[in-house]
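# Examination of the molecular architecture
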Amino acid sequence: INLPKTLVLEDAEAIATQVPTVDKVAPQLQSRELVTYRNKNTYSTLVGTTPEYTSVRNFDADRGRFLNKLDLKRSDRVVTLGSDLANRLFGNQNPVGKQVRIKNVAFSVIGVMESKGSVLGTNYDDSAYIPVSTMASRIIGKNSPYGVNLTFISVSAKNDASVEAASFQIRNLLRL
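Residues numbered from 1 in each chain as written. Predicted model: local features only at pLDDT ≥ 70, side-chain atom pairs only at ≥ 80, totals over all residues. Heavy atoms only, no water.

With that settled, consider the pattern of salt bridges. This model, assessed by the stated rule, comprises 4 salt bridges. Taking the shortest distance from any N to any O, the salt bridge between aspartate 76 and arginine 74 comes out at 3.1 Å. Here aspartate 76 falls in the buried class, since its relative accessible area comes to 18%. For arginine 88, the salt bridge identified is with aspartate 126, shortest N-O distance 2.8 Å. A residue pair is termed long-range when its members are at least 10 positions apart, and arginine 88 in helix H4 (residues 83-90) and aspartate 126 in the loop between strand S8 (122-123) and strand S9 (127-131) qualify at 38 residues. What makes aspartate 126 buried here is its relative accessible area of 14%. (Salt bridge = Lys/Arg side-chain N within 4 Å of Asp/Glu carboxyl O. Buried < 20%, exposed > 50% of the residue type's maximum accessible area, 1.4 Å probe, protein only. Helix = DSSP H or I, 4+ residues; strand = E, 2+ residues; numbered from the N terminus.)

In structure tokens:
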């Protein structure tokens, strides 16, 4: 039997609905893509995710807003930019309401994230955040027979005391 080697979107949904010690779940699908504003081009980490990302990762929009459930449901072409990326593309003008192109698809900038810095080699300030549904349909495509492959699933437990239990329950669930 050839088992899937990676996490898929359905795994994230299963964790969210079936693990009682889990508070919120944020799936992440990442890739390096070309982001363009007028004549400025730069490669950036594109993160397809969900509205839960901000609370799970303790990371919020500084200007404008982050993704919401409607963006996700409609697979909207909206993007929230990391602070460094916004700076590189827009200098000191406000990017909110402007359009950028990602992999040659037009996206409306809805927000700019607060500065977070690098975590485990990923500079979150240099990333662009779009709905995971849009990432799957317009940027990556269905990339596995089991659905949409994910790069990470970030999870927050209900409280500090349930972190170990959540970890154990998630591992068991994913084995199934």
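With that settled, consider the environment of alanine 26. Along the chain, alanine 26 falls in strand S1 (residues 22-37). Looking at alanine 26, the relative accessible area reads 0%, which means it is buried. Beyond its immediate sequence surroundings of up to four residues, alanine 26 is in contact with Thr49, Thr50, Glu52, Tyr53, Val56, Phe152, Ile153 and Ser154. (Contact = heavy atoms within 4.5 Å.)

Below, the discussion takes up the nonpolar core. Formed by 34 residues in total, the largest nonpolar core has its most connected members in Ile15, Val79, Leu81, Val100, Ile102, Phe107 and Ile130. Looking at this core, the element that brings in the most residues is S1, giving 5 residues. Not counting residues within four places of it along the chain, the set of residues in contact with valine 79 comprises Val100, Ile102, Phe107, Ser108, Val109, Ile110, Gly111, Ala128, Tyr129 and Ile130. Within the second largest apolar cluster, 12 residues are counted, among which are Ala26, Val78, Ile110 and Tyr129. (Core = buried A, V, L, I, M, F, W, Y, C linked by side-chain atoms within 4.5 Å.)

Inspection of the entire model under this criterion finds 7 aromatic pairs. With 6.4 Å between their ring centres and 55° between their planes, tyrosine 53 and phenylalanine 59 make a pair best called tilted. Here the two residues tyrosine 53 and phenylalanine 59 agree in accessibility, since each one is buried. Taking the centre distance of 5.8 Å and the plane angle of 20° together, the rings of tyrosine 53 and phenylalanine 66 count as stacked. Highlighted residues: tyrosine 53 in helix H2 (residues 53-56) and phenylalanine 66 in the loop between strand S3 (61-64) and helix H3 (69-73), separated in sequence by 13 residues. According to the relative accessible area criterion, tyrosine 53 is buried, its value standing at 0%. Since its relative accessible area comes to 7%, phenylalanine 66 is described here as buried. Among the aromatic residues, those joined into a ring-pair cluster are Tyr53, Phe59, Phe66, Tyr124 and Tyr129. (Phe/Tyr/Trp six-rings, centres within 6.5 Å; stacked < 30°, edge-to-face > 60°.)

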